[in-house]
Amino acid sequence: MVALAVLTAAGSGTRLGCRGPKALVELGGQTLLERAARGLADAGIAALVVTAPPGEVDGFERVLPGHVPGAPHVPVLVVAGGESRQASVAAGLEALPAVATLAGVELAEDTPVLVHDAARCLTPAEVIGRVVAAVEAGSVAVVPGLPVTDTLKEVASPMSTTDAASGPTPEVRRVVATPDRSHLWGVQTPQGFRWSVLLHAHEHGRALAATESTAATDDASLVEALGLPVDMVRGDTLALKVTSRTDLLLAELLVEGALTSGG
Ligand code: C5P
């Protein structure tokens, strides 16, 4: 069976402190975008749709000129993303049949389709393989993840006026609960789905996608909203999401380490 992917890369570089799109930030001389696309191609993904910030489609096409660099057999279509990650994925799904045709792949109901964040550009091929294998084995939706290591707190947000009046400054939030972390896993990408289920989940959740505040932050939660099962496989610390300057520095060290050790 062959798998296809939507690679989300339409986010801005604001939290990273850069002016352009985050996916065009370089890591060890290669953009996050190129590294993430190459990672999917190396793991055997047959074709990709990439979401770009509107206005950056041409720039993204220069990085990925119709195919993944170094993997000319893996076609790429770049589409403009939307207001939220969920809207971007929905735009990517619309273009999936076209890229499947370019790859000569028949997009069937049970074809595994991955959704992956370009910001997780160091995700090992083994993680991608585990997700695809679980869909092939019958899961309708699969997420990679790791047990959380921090203790998590739920906070009141926004703080009530009573709380604010009783002392803490506005940037201090009241803790309201400490969930039992033995059941909590942090979730990564790529998340994998049967094509028909992913499409249906996005159609069903379409109304949420208009703004970041209402949109789903991952695709699996849209499947959960349908009442369908989502399965977890083991992720990897290397699948970290490059969000802050600290993440980028860590990713640079990891890449340097891999390069100096010949990996
Ligand atoms: O903002 P966040 O870090 O959760 O974004 C996760 C991924 O979704 C990133 O790869 C980002 O480029 C992508 N994204 C997108 N469209 C948006 C917002 C984020 O494709 N509107």
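Above this text is the structure in question.
Keep in mind that this is a model prediction, so the values were computed, not measured. (Residues numbered from 1 in each chain as written. Predicted model: local features only at pLDDT ≥ 70, side-chain atom pairs only at ≥ 80, totals over all residues. Heavy atoms only, no water.)

Visitor: Is there a simple way to think about the site of the ligand in this case?
Guide: Close to the ligand lie 17 residues, the nearest being Thr8, Ala10, Gly11, Arg15 and Ser88. One nitrogen or oxygen atom from the side chain of Arg15 is found 3.0 Å from an oxygen atom belonging to the ligand. Between the ligand and Ser84 there is a distance of 3.3 Å, counted from a nitrogen atom to a backbone nitrogen or oxygen. The protein chains hide 86% of the 460 Å² of surface that the ligand would expose on its own. When the residues that make up the shell around the ligand are grouped by side-chain class, the tally is four nonpolar, six polar and seven charged. (Near = heavy atom within 4 Å. Polar contact = N/O pair within 3.5 Å; in protein donor to acceptor, adjacent residues only side chain to side chain. Areas by Shrake-Rupley, 256 points an atom, 1.4 Å probe, with all protein chains shown as cover. Nonpolar A, V, L, I, M, F, W, Y, C, P; charged D, E, K, R; others polar.)

Visitor: Just to check I follow, could you spell out the side chain of Gln188 for this structure?
Guide: Its location among the elements puts Gln188 in the loop between β11 (185–187) and β12 (191–194). Its relative accessible area of 8% is what places Gln188 among the buried residues. A distance of 2.8 Å separates a polar atom in the side chain of Gln188 from the backbone oxygen of Asp236. Once residues within four sequence positions are removed from consideration, Gln188 is found in contact with Arg120, Pro144, Gly145, Leu146, Gly235, Asp236 and Ala239. (Helix = DSSP H or I, 4+ residues; strand = E, 2+ residues; numbered from the N terminus. Buried < 20%, exposed > 50% of the residue type's maximum accessible area, 1.4 Å probe, protein only. Contact = heavy atoms within 4.5 Å.)

Visitor: How should the packing of helix α3 (residues 85–103) against helix α6 (residues 195–204) be read in this particular structure?
Guide: The relative placement of two packed helices is expressed as an angle between their axes plus a distance between the axes. Between α3 and α6, the least distance of the axes is 10 Å, while the angle of their chain directions is 135°. Taken together, α3 and α6 sit at an angle that is classed as oblique. Handedness of the α3/α6 crossing: left-handed. Residues Gln86, Val89, Ala90, Leu93, Leu96 and Pro97 of α3 form the contact with α6, whose own contacting residues are Trp195, Leu198, Leu199 and His202. Taken together, the residues of the contact of α3 with α6 sort by class into eight nonpolar, two polar and no charged. (Axes fitted to C-alpha atoms, helices over the stretch in contact; angles between N-to-C directions. Parallel < 35°, antiparallel > 145°, perpendicular 65-115°, else oblique. Left-handed = near helix turned anticlockwise from the far one by under 90°.)

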